[in-house]
Amino acid sequence: MTCEQPFDARIVDLDSIADTLSTALRSHPGVIRLEPTMRSAMTHWKIASGDRLHRNHHAGTPFPTVAVRDGLVLSLTDSVLTLHMDLATSISNAALVVARETQEVAAEVIRASGLAVGHIDVTILAVEGAPIP
């Protein structure tokens, strides 16, 4: 049996998007690094248990797809990607400017992947200067 209706399904490789985001953000001026946090570690652990719990209790609703990297937590629901990033920035760049610019970089990467941009939250966890010799 065939269907005459167009089929508009696609597979989203969230890990690939996370890798692209990591690369783009690390190379942005003013970003020293993406900060690994307890949030990242805890999200790794919660994904498996949350997925199982959701399937058992909310079988009819989609569970968000999540990818985690040091300093990044991506969550995809219904083609909308939400992002949280934790950054260390350089003292020579204004932290608020770097935060805004990294939001724009992330939004461009998300749009380029064909997804809608959800919330993009940035937390500046450290502002660091050059190491003293």
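Participant: Any chance you could explain the overall build of the protein here in plain terms?
Facilitator: Scanning the protein from terminus to terminus reveals three helices and five strands. Ordered by position from the N terminus, the helices and strands of the protein form the series α-β-α-β-β-β-α-β. When the accessible surface of the protein is summed, it comes to about 8,500 Å², and 57% of that surface belongs to carbon and sulfur atoms.

Participant: For this particular structure, what's the right way to read helix α3 (residues 95-112)?
Facilitator: An α-helical turn contains 3.6 residues, so any two residues separated by three or four positions project in the same direction. Look at α3: 26 Å from first C-alpha to last across 18 residues, which is about the 26 Å you get at 1.5 Å a residue. The complete set of buried residues in α3 reads Val98, Ala99, Thr102, Val105, Ala106, Ala107, Val109 and Ile110. Where α3 is buried, its residues meet α1 (14-26), β1 (31-34), β4 (80-90) and β5 (116-128). Directly after α3, the chain includes Gly114, whose backbone phi takes a positive value near 90°.

Participant: Just checking my understanding: could you explain the pairing of strand β2 (residues 65-69) for this structure?
Facilitator: Within a regular beta strand, the side chains point alternately toward one face of the sheet and then the other, so they alternate between its two faces. In this sheet, strand β3 (residues 72-77) lies alongside β2 in antiparallel orientation, the contact comprising five bridges. Across the sheet, the residue bridging to Ala67 is Leu74, located in β3. In textbook terms, the turn of a hairpin is the stretch between consecutive antiparallel strands, and for β2 and β3 this stretch comprises two residues, one of which, Gly71, has a positive phi near 80°.

Participant: Can you walk me through the nonpolar core in this structure?
Facilitator: If you look at the biggest cluster of nonpolar residues, it comprises 23 residues, and the most contacted ones within it are Leu21, Leu72, Leu74, Leu81, Leu83 and Met85. Per-element accounting of this core gives the leading share, six residues, to α3. With near-sequence residues (within four places) excluded, Leu81 lies in contact with Leu14, Ile17, Leu74, Ser75, Leu76, Ile110, Leu115, Ala116, Val117, Gly118 and His119.

Definitions and cut-offs
Residues numbered from 1 in each chain as written. Predicted model: local features only at pLDDT ≥ 70, side-chain atom pairs only at ≥ 80, totals over all residues. Heavy atoms only, no water. Helix = DSSP H or I, 4+ residues; strand = E, 2+ residues; numbered from the N terminus. Areas by Shrake-Rupley, 256 points an atom, 1.4 Å probe, with all protein chains shown as cover. Expected span 1.5 Å × (residues − 1). Buried < 20%, exposed > 50% of the residue type's maximum accessible area, 1.4 Å probe, protein only. Contact = heavy atoms within 4.5 Å. Pairing = 2+ DSSP bridges. Core = buried A, V, L, I, M, F, W, Y, C linked by side-chain atoms within 4.5 Å.

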